[in-house]
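# Chain and residue survey
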Amino acid sequence: MELLGSPLRTPYTQPRSTPTKFLPPIPTASSLQNRFPPSPLPNSFSSPWMPRVTKPTLGPAPRSSQRLTPREALPPISHQTALSTRYTPGDWYRSNLTNYKRSETARHTAECLTADSSRLIQDKYQQTRKTQAESTKNLGQRVNDIMFWKSELRCEHAKMVEETNALTGMKERLERALANTEAPLQVTQECLLLREKRMGIDLVCDDVEKQLFVELDIIRSCQERMRRHLEQAEAQLASNRLAQHDVERDLANKQAAHRIDEQCQQLRNTSTGISYFRGVERVDATISVPESWANFTDKNILRSQSERAASAKLRDSIENLLVLTDKQMQHQFNCVNLAFTQRIAEMADAKRKIQAQLSKTLQEMFHLERSIEAIQKAIRDKGFPLKVAQTRLDKRIRRPKMELCRDPAQLRLVSEVCEINETIQSLQQRLRDSEDVLQRLAHNKSALEHELVVKSTSLFIDQEKCLAMRKTFPSTGRLLGYV
């Protein structure tokens, strides 16, 4: 019986098959040694605890032996032959000792490997915890940096919004003030136009006319400066909005990054939602470094601050312009009114001679102007029916194939468009006629004034027209843009 774990003995090269008829008689030990000399095992199969086993060399068996039974084919084994194929007690003890040593060595190796594995696991665990703690700490520092810049951006954004609203309010004031200067300008131009209707010797360049031209120049100069400042305000508002947009976009990005980094900082090994993302560490989607990242936000804030300073300076300039405009226009308005008063006093005697006829002429002109407005409104009102009819025709053109029928509806729509066009043309002709009549009335009035006393006509223009219109001069609040 072989020991467990021992190497196999060397097999024979050929199977032992000895026919009965050719078996020799049972030999003695000496004859066996002479017949079968000992053959040592190969080195690879030898062992200190294995016995030396002899290997008999047999010749080929004759064919007749293959037909023998196993009992007839096996020769009887002697006592010495059986003892030569067994192990000795020393071999048995050496085999056990070798197995013990091999087992001890393997067990020691396994114990060392287990201890090293435990130390490796603990070291890697501590290293992983340290690395994760450092990553969490870095994420916390990053979150703090983002929060700092977020607070700076929020503060700057609030200031920029406030400044933009203030500049927008100032721009609206400037627009209202500019719109309110149109009425005085029209009054001045109307006064000049009306005074051009003076005839005869009264058509002179008096002090009233000089003051009116001065007033006209002042108003136009103020309007030009207002328009220039209005363009500057629009450009500044665009710059403010661009800077505000950059701040808002940066702030939105900071908020998104803060939310992501805060979520990353709060992630733990026991958190839900964590998963494997193979190869994500090889993806480098970064486009900035901490220095360029901070400089980008700092530049946005500095640009916003610069735009706010320019906006505040522009607001002060607009405020000064409005105050100066109001002062100049009010002063010149009083000068013109004083000149009108003096001129009216000089021609007061002629008022009674031309008042009745001139009032009738002016009344007729007033009605004609109302009629002209009514005709213009009627022309505008005809636009919607014309659009409806033309739209219907345009849509009916898109009917498919044989549906493009010249039916009564089509004919009526065509005639409707023609009728509306004829109506508009007739109204336009009437409008031209009315305007021509109004112009003729003006000429008739001039001719009537020429027939009347010239000074009475000039008094009417200055007192009834010019001075009456100048009573509607805008107040200080309107010129400052508050109303």
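Values in this document were obtained by computation on a predicted structure and should not be read as measured data. (Residues numbered from 1 in each chain as written. Predicted model: local features only at pLDDT ≥ 70, side-chain atom pairs only at ≥ 80, totals over all residues. Heavy atoms only, no water.)

What follows is about the overall build of the chain. Counting secondary structure elements, the chain contains twelve helices and zero strands. In the chain, once contacts between residues fewer than 6 apart in sequence are set aside, the share between residues at least 24 apart is 89%. As displayed, the chain offers around 32700 Å² of accessible surface, 56% of which is attributable to carbon and sulfur atoms. (Helix = DSSP H or I, 4+ residues; strand = E, 2+ residues; numbered from the N terminus. Contact = heavy atoms within 4.5 Å. Areas by Shrake-Rupley, 256 points an atom, 1.4 Å probe, with all protein chains shown as cover.)

Counting residues in each nonpolar core, the largest one holds 20 residues, and the members touching the most others are Met365 and Ile379. When residues of this core are traced back to their parent elements, those giving at least two are helix H8 (351-381), helix H9 (383-397) and helix H10 (408-451). Discounting chain neighbours no more than four positions away, the residues touching isoleucine 379 are Ile424, Leu427, Gln428 and Leu431. Grouped together as the second largest cluster of nonpolar side chains are 19 residues, Leu185, Leu194, Leu216 and Val336 included. (Core = buried A, V, L, I, M, F, W, Y, C linked by side-chain atoms within 4.5 Å. Buried < 20%, exposed > 50% of the residue type's maximum accessible area, 1.4 Å probe, protein only.)

Let's shift gears to the packing of aromatic side chains. On inspection of all chains with the given rule, the structure shows two aromatic pairs. Ring centres of phenylalanine 148 and tryptophan 149 lie 5.2 Å apart, and the angle between their planes is 70°; this geometry places the pair in the edge-to-face category. Using a relative accessible area of 15% as the deciding quantity, one classes tryptophan 149 as buried. Over the ring of tryptophan 293 we find arginine 142, and its NZ or CZ is 3.7 Å from the ring centre. (Phe/Tyr/Trp six-rings, centres within 6.5 Å; stacked < 30°, edge-to-face > 60°. Lys NZ or Arg CZ within 6 Å of the ring centre and 35° of its normal.)

In this structure, aspartate 250 sits in helix H6 (residues 207-266). A residue is classified by how much of its surface remains accessible, and aspartate 250, at 2% relative accessible area, is buried. For aspartate 250, the residues in contact, after removing those within four places along its chain, are Leu153, Phe296, Thr297 and Asn300.

Before going further, it helps to spend a moment on the packing of helix H4 (residues 89-180) against helix H7 (residues 290-346). At a closest axis distance of 9 Å, the pairing of H4 and H7 adopts a crossing angle of 20°. In terms of orientation, H4 lies roughly parallel with respect to H7. Helix-helix and strand crossings are classified by hand; for H4 and H7 the assignment is left-handed. Looking at the contact of H4 with H7 residue by residue, the class counts come to 16 nonpolar, four polar and twelve charged. (Axes fitted to C-alpha atoms, helices over the stretch in contact; angles between N-to-C directions. Parallel < 35°, antiparallel > 145°, perpendicular 65-115°, else oblique. Left-handed = near helix turned anticlockwise from the far one by under 90°. Nonpolar A, V, L, I, M, F, W, Y, C, P; charged D, E, K, R; others polar.)

Another aspect to go through is the packing of helix H5 (residues 182-195) against helix H11 (residues 454-469). With their axes 9 Å apart at the nearest point, H5 and H11 run at an angle of 170° to one another. Here H5 lies roughly antiparallel to H11, going by the angle between them. Between H5 and H11, the residues in contact are Val187, Glu190, Cys191, Leu194 and Arg195 and Ile461, Asp462, Lys465, Cys466 and Met469, respectively. Taken together, the residues that form the contact of H5 with H11 break down as six nonpolar, no polar and four charged.

Along its 14 residues, H5 runs 20 Å from first to last C-alpha, staying within 8% of the 20 Å computed at 1.5 Å per residue. Those residues of H5 not exposed but buried are Pro184, Leu185, Val187, Thr188, Cys191, Leu192, Leu194 and Arg195. Of the surrounding secondary structure, the elements contacted by the buried residues of H5 are H4, H6, H7 and H11. (Expected span 1.5 Å × (residues − 1).)

This part is about the environment of leucine 413. Of note, leucine 413 is situated in helix H10. Considered as a pair, leucine 413 and valine 388 are 25 residues apart in the sequence and their alpha carbons are 9.7 Å apart.

It is worth spelling out the pattern of salt bridges at this point. As enumerated under the stated definition, the model contains 24 salt bridges in all. In this structure, arginine 315 and glutamate 163 form a salt bridge, with 2.8 Å as the shortest nitrogen-oxygen distance. Residue arginine 315 is located in helix H7, and its partner glutamate 163 is located in helix H4; the two are separated by 152 residues in the primary sequence. Classification of arginine 315 by relative accessible area gives partly exposed; the value is 22%. When its relative accessible area of 9% is taken as the criterion, glutamate 163 is described as buried. A salt bridge links arginine 470 to glutamate 215; its shortest N-O distance comes to 2.7 Å. On the criterion of sequence distance, the pair formed by arginine 470 in the loop between H11 and helix H12 (476-479) and glutamate 215 in helix H6 is long-range, its members being 255 residues apart. By relative accessible area, which is 2% here, glutamate 215 ends up buried. Linked by salt bridges that have partners in common, Arg195, Arg198, Asp206, Glu209, Arg343 and Asp462 make up one network. (Salt bridge = Lys/Arg side-chain N within 4 Å of Asp/Glu carboxyl O.)

As a further point, take the environment of leucine 203. Structurally, the position occupied by leucine 203 is in the loop between H5 and H6. Spatially, the C-alpha atom of leucine 203 lies 8.4 Å from that of serine 458, the residues being 255 residues apart in sequence. With residues near it in sequence (within four places) discarded, leucine 203 still touches Arg195, Glu196 and Arg198.

Another aspect to go through is the confidence of the model for the chain. Scored by pLDDT, the chain has a mean of 80; 80% of the residues are at 70 or more. In this model, residues 1-66 is a region of pLDDT below 50 whose contacts with residues beyond four sequence positions or in other chains number 75 contacts. (pLDDT = per-residue confidence, 0-100.)

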